[in-house]
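Survey of secondary and tertiary structure
In case you want the letters, here they are:
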Amino acid sequence: MNRQCPASYRHPAALTHVELTWIDRRIEQWLRFGHRADEQTLNGSRSIASFAPGSVFAFVRWASDDLGTTVSRVDIVRAVETGSPFQTLPFVRPGGEILLRVDSWPKVERVLEAIDAIEGLGIDPADAAPEYWRHLHHRTTAGHEPRAYTRAQHSAWLKRREVTS
């Protein structure tokens, strides 16, 4: 016998929330890409963007003080299902699957250029293969030149995703 849970008992999928702050030339946190499920403005400089499970987004953080830059970082994260294991990172609740984590502005710039190149192919970076973000993380962290993302790689990813869904 197949029973379904009544609609009143179902819980909506928990969202991953990203706290964004923008105080010009002091704290600049923004999303480079990602499909927001919800967005809430807290005040003129703070907001919260929310992502559905499985969504991939790029979260960029930059901060400075009187002596110069104190933080330059980009994280590419996949929002996880409730009950799934996840990694924690600042300003992301509860956390997510970190596909890429890069610190220092030269490396952050390289990642932003890779994102631009994917968009140049007419591909939404939020739909790119997760293994490409891991590749980019490892190559950038090691100081090596990463391979470019290709339409053929993207097509293969879409077919794999279709078969496993």
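Described below are features of the structure shown in this document.

The rules we used
- Residues numbered from 1 in each chain as written.
- Predicted model: local features only at pLDDT ≥ 70, side-chain atom pairs only at ≥ 80, totals over all residues.
- Heavy atoms only, no water.
- Helix = DSSP H or I, 4+ residues; strand = E, 2+ residues; numbered from the N terminus.
- Buried < 20%, exposed > 50% of the residue type's maximum accessible area, 1.4 Å probe, protein only.
- Pairing = 2+ DSSP bridges.
- Salt bridge = Lys/Arg side-chain N within 4 Å of Asp/Glu carboxyl O.
- Phe/Tyr/Trp six-rings, centres within 6.5 Å; stacked < 30°, edge-to-face > 60°.

**Things to note about unusual backbone geometry**
In this model, Arg93 is joined to Pro94 through a cis peptide bond whose omega is 0°. If you trace the backbone, Pro94 turns up in strand E8 (residues 92-103). At Arg25, a position not held by glycine, the phi torsion is positive, near 65°. With respect to the helices, strands and loops of the structure, Arg25 is situated in the loop between strand E1 (16-23) and strand E2 (27-33). A relative accessible area of 63% places Arg25 in the exposed class.

**Notes on the pairing of strand E4 (residues 46-51)**
The buried count for E4 comes to five of six residues, which makes it a mostly enclosed element. Pairing analysis gives six bridges linking E1 to E4, with the strands arranged antiparallel. Residue pairing in the sheet places Leu20 in a bridge with Ser47 of E4. Bridge count for strand E3 (residues 38-43) against E4 is five bridges, and the pairing is antiparallel.

**So, the pattern of salt bridges**
Scanning the model with the defined rule gives 12 salt bridges in all. The salt bridge partner of Arg134 is Glu97, with a shortest N-O separation of 2.4 Å. Linking Arg134 in helix H2 (residues 130-142) with Glu97 in strand E8, this pair joins segments that are 37 residues apart in sequence. A residue is classified by how much of its surface remains accessible, and Arg134, at 29% relative accessible area, is partly exposed.

**What to know about the packing of aromatic side chains**
Inspection of the entire model under this criterion finds five aromatic pairs. An angle of 65° between the planes, with centres 6.0 Å apart, marks the rings of Trp22 and Trp30 as edge-to-face. When its relative accessible area of 40% is taken as the criterion, Trp22 is described as partly exposed. Pairing Tyr132 with Tyr149 gives two aromatic rings, centres 5.0 Å apart and planes at 55°, and the pair type is tilted. Here Tyr132 is found in helix H2, whereas its partner Tyr149 is found in the loop between H2 and helix H3 (151-164), with 17 residues between them in sequence. Tyr149 shares its class with Tyr132; the two are buried.

Geometry only, nothing functional implied.
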